Amino acid sequence: MAQWEMLQNLDSPFQEQLHQLYSNSPLPVDIRQYLAAWIEDQNWREAALGNDDSKANMLFFHFLDQLSYKCGPCSEDPECLLLQHNLRKFARDIQAFSKGPAQLAEMIFNLLLEEERILIQAQRAHSDQKEPALDAPVESQQHEIESRILELRAMMEKLVKSISQLKDQQDVFCFRYKTQTPVRTPSLDNHQARQQQLLQETINELDKRRKEVLDAVKALLGRLTTLIELLLPQLEEWKVQQQKACIGAPLDRGLEQLEKWFTNGAKLLFHLRQQLKELKGLSRMVSYLDDPLTKGVDLREAQVTELLRRLLQSAFVVETQPCMPQTPHRPLIVKTGNKFSVRTRLLVRLQEGNESLTVEVSIDRNPPQIQGFRKFNLLTSNQKTLTPEKGQRQGLIWDFGFLTLVEQRSSGSGKGSNKGPLSVTEELHIISFTVKYTYQGLKQELKTDTLPVVVISNMNQLSIAWASVLWFNLLSKNPQNQQFFSSPPTAPWSLLGPALSWQFSSYIGRGLKPEQLSMLRDKLFGQNSRTECALSWSDFTKRESPPGKLPFWTWLDKILDLVHDHLKDLWNDDCIMGFVSRSQERRLLKKTISGTFLLRFSETSEGGITCSWVEHRDDDKVLIYSVQPYTKEVLQSVPLTEIIHHYQLLTEENIPENPLRFLYPRTPRDEAFGRYYQEKVNLQERRKYLKHRLIMVSNRQVDELQQPLEPNLEPGQESLDLGLALEPDLGLSLELGSLMDAGLDLGPALEPVLEPTLAMVPQTVPEPKLEPELESILESISQPVPEADLPQDLKHLNIKEMEIFRNSSMKIEEIMINGDPPLPGPSTMDDVYSFCPSHFHTDGRWSPCDF
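Residues numbered from 1 in each chain as written. Predicted model: local features only at pLDDT ≥ 70, side-chain atom pairs only at ≥ 80, totals over all residues. Heavy atoms only, no water.

Novice: What is the right way to read the packing of aromatic side chains from this model?
Specialist: For any pair of aromatic rings, the description consists of the separation of the ring centres together with the inter-plane angle of the planes. Applying the stated criterion across every chain, the model contains 24 aromatic pairs. Geometrically, the ring pair formed by Phe485 and Trp537 is tilted, given 5.0 Å between the ring centres and 50° between the ring planes. You can see Phe485 sitting in the loop between helix H14 (462–475) and strand S11 (491–492) and its partner Trp537 sitting in helix H17 (residues 537–541), a full 52 residues away along the chain. The two residues Phe485 and Trp537 agree in class, both being buried. For Lys523, the ring lying beneath its charged end belongs to Trp555, and the centroid distance is 4.5 Å. Positioned above the aromatic ring of Phe662 is the side chain of Arg666, whose terminal nitrogen or guanidinium carbon lies 5.9 Å from the ring centre. (Phe/Tyr/Trp six-rings, centres within 6.5 Å; stacked < 30°, edge-to-face > 60°. Helix = DSSP H or I, 4+ residues; strand = E, 2+ residues; numbered from the N terminus. Buried < 20%, exposed > 50% of the residue type's maximum accessible area, 1.4 Å probe, protein only. Lys NZ or Arg CZ within 6 Å of the ring centre and 35° of its normal.)

Novice: Explanation requested: the sheet that holds strand S8 (residues 431–439) in the structure shown.
Specialist: Strand pairing in a sheet is mediated by backbone hydrogen bonds. Such pairs are either parallel or antiparallel. On the basis of which strands lie adjacent, the open sheet formed by four strands has the order S6-S4-S8-S9 and antiparallel pairing. The open sheet has two edge strands, strand S6 (383–386) and strand S9 (442–449), and neither has a second partner. For this sheet, the mean angle separating the axes of adjacent strands, direction not counted, is 20°. Judged from the five bridges that link them, strand S4 (residues 357–363) and S8 form a sheet pairing that is antiparallel. Bridge assignment links Ile363 to a residue of S8, and that residue is Ile431. (Pairing = 2+ DSSP bridges. Axes fitted to C-alpha atoms, helices over the stretch in contact; angles between N-to-C directions.)

Novice: What is the right way to look at helix H16 (residues 514–525) in this model?
Specialist: Residue pairs spaced three or four apart in an α-helix point in one direction, given the helix's 3.6 residues per turn. The end-to-end C-alpha distance of H16 is 16 Å, a good match for the 16 Å that 12 residues give at a rise of 1.5 Å each. Listed as buried for H16 are Gln516, Leu517, Met519, Leu520, Arg521, Lys523, Leu524 and Phe525. Against the buried residues of H16 lie helix H15 (493–507), strand S12 (534–535), helix H18 (552–566) and helix H19 (568–572). Trailing H16 by a residue or two, Gly526 shows a phi angle of about 95°, which is positive. (Expected span 1.5 Å × (residues − 1). Contact = heavy atoms within 4.5 Å.)

Novice: Whenever I open this one, the environment of Asn338 confuses me. Can you help?
Specialist: With respect to the element layout, Asn338 can be found in the loop between strand S2 (333–335) and strand S3 (339–346). Residue Asn338 is classed as buried on the basis of its relative accessible area, which comes to 19%. Apart from residues lying up to four places away in sequence, Asn338 is in contact with Met324, Gln326, Leu403 and Thr404.

Novice: In this structure, what is going on with the sheet that holds S3? I would like to understand it.
Specialist: What the four strands build is an open sheet, ordered S1-S3-S7-S5; its pairing is antiparallel. Across the chains shown, the open sheet's two edge strands, defined by having one partner strand only, are strand S1 (316–323) and strand S5 (376–378). Taken pair by pair, the neighbouring strands of this sheet meet at an average axis angle of 30°, ignoring direction. Judged from the six bridges that link them, S3 and strand S7 (residues 397–407) form a sheet pairing that is antiparallel. Following the sheet pairing, Arg345 is matched in S7 by Ile397. Together, S1 and S3 form the strand contacts of helix H12 (residues 292–315), whose direction differs from that of S1 by roughly 10°.

Novice: I keep staring at the pattern of salt bridges and nothing clicks. Help me out?
Specialist: Should the charged atoms of two oppositely charged side chains come close, the side chains can pair. For the structure shown, the criterion picks out 32 salt bridges. Salt-bridge contacts for Lys280 lead to Glu301; the nearest nitrogen and oxygen are separated by 2.8 Å. One end of the pair, Lys280, is in helix H11 (residues 256–285); the other, Glu301, is in helix H12, and 21 residues separate them in sequence. With relative accessibility at 25%, the residue Lys280 sits in the partly exposed group. Judged by its relative accessible area of 14%, Glu301 is buried. Overlapping salt bridges bring together Glu259, Glu319, Arg343, Arg345, Arg349 and Asp399 as one network. (Salt bridge = Lys/Arg side-chain N within 4 Å of Asp/Glu carboxyl O.)

Novice: So what exactly am I meant to see when it comes to unusual backbone geometry here?
Specialist: Of all residues except glycine, most have a negative phi; of all peptide bonds, most are trans. Following Tyr664, the chain continues to Pro665 via a peptide bond in cis, the omega torsion being 5°. Residue placement: Pro665 occurs in the loop between strand S18 (662–663) and strand S19 (667–668). Phi at Asp364 is positive, roughly 55°, even though this residue is not glycine. Here Asp364 lies in the loop between S4 and S5. Even without being a glycine, Asp574 presents a positive backbone phi close to 65°. Along the chain, the position of Asp574 falls in the loop between H19 and helix H20 (582–589).

Following this line, the structure appears as structure tokens:
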């Protein structure tokens, strides 16, 4: 939509501003409307501000042609008589302009700028009605800054022309003053009187022009101050975004746009500073009583210099916070002896052609007075020099890519020790940068600091150090507060919840859903907590949740590593429900059909994920089974998708079946995970080798199923909702003999099977649990199976050649020195280890899983 069209649709207050604008303008509003399309298509800015007068002349004559061309149709229409009159009158008026074409170009350019400002004000007012004033659209703010810069450039051009005209006026005065006839008699003749009068008129005109120039400088300086006031909040907003981005929040903008604005603002200020110096030179050449330049120039120059110093100091920033290359997702953590990188930048891209700029780096320039606070030295060079050639090519950027910290030794022998009130991971250290900046005679030392960093001496401290970085940058109101952890504030859930979601979105790709955050909130505060709860620092990192298990942050960080290393694609594709409590799991699964399963993180183990599924029994009972959590040690050998694909459960008849059929709520297993399955075996390779495959197998015994798991309930009611532990956990223990007795076909020979070991739960524990362990069946079973009534190991024995049968004097104690072999029987909790007396044994711990 054209600019004039948009102006016609404004509300009444802004329409009134538009009418006021054109009531004080030589351009009639009806001509502006009649020639709207043509006027907006021309480059009035170049004609008004450029140094080439030919462009203004060309537009001037084109404008006259447009006026003449539009008068033709109006002469034939009686209703257009007034418009025809205005067109002809304005054509005569602009030909009488004192500055000619340049005045016309300046007039229309300024009118278009004012129109644009009215439009911006109207847009902001419209957005304020829908949102708070602080949430004004970024586009509107950027548009306002751009329009102000354009306006300031126009004002600067006018000021330059005014000062040039002032010089001409002063030259005229000097010429007339030097060429006047000296007064030799007390009385003046007519010629001398006229010379004196003309000289007085010249000095009066010079004084008037000097005052006008000072007024223009004052107005320009006011506009520049407003521009700086707009730019500095933009930079502060970027710093806040950068601080949140360090702990995972998205960073919406870079520094390129801010660098452009800051550079333009600095150029205008330096240009104004030069113009003030010229005015000061004019004042020294010609001065008189009550000369406005005598004091006015010094005052304005001091204001410009103060604005420049303020702008330059703010423009020196840390663009990239300290970060080690091996942990790019966790900045602001530095390990002693390890290299780390940091980048600084000066947003004012102005550098003298022969002046190099050197930045010096230091650490803890003003350390806090805390007992035991460690001190560090920079092991590598602490300087970086930027040449003019490199600065012109890339900008004023200093990259420190190989900084290293080393801890200072204490007064005694050995390294310094931390014996103060703060732990190593609660100490906050600040890295500082200094540069001596020089441009057009202005010299200033610029300083900037990083956000506080945590210095560790061992990578085992990385997790808790990141908790400190997270807590500080989430809650600290002062980014330089090194004593923050002397009394750390509590974190409201409204801030902590999104920050926890950022950990997943920045490191893995997808953040946490509201229901997942709700589970974490209940884990921290309980289900009956208030709407707005706050968590203390010690509860976040030290309190065990649940008691006797892991602290909350340790538990969550282990899950982050597990998902990133082994489950990233499944997490991003929303195949893992993840954070769901047991009670919620039961409520979800009991409403689904048998074989529906979900994947959730263990609430007590260090980085474990478990698979739970539902089984509806013929007696209307609903059972929920959960496999012992798989940790990174297991998933390094077998991907979770392969475990799900080939998982087997042995029924009462020792018939294997995969109980995992539908991913919650009802997505077929192969449809949900099929794209992650490994490729089929190459048939050419099978001719050379017998392929093996690791799978998970769980065994469910008949006597286990006959245990009384729950009291009598109403049909269809799930016993688990009553708080009874009725969740059988699938464990494993398969021996080769039992499989062969059942006539089970195990596939090709030499096929290892990843199978859990059976964990029998005593009668006092009302829920049977099935635990997975690894066992590889490494012997081929392709030999013919002997008859069931004859043991295989005795079928082909030749007892005649055995010494035990020939020597009747041999005693049984000499043969079985360990006593009688134990008879097979049900396992109990007292059996700590189970040993199978053959090379097909599993050596593992038998215990019920608790997760």
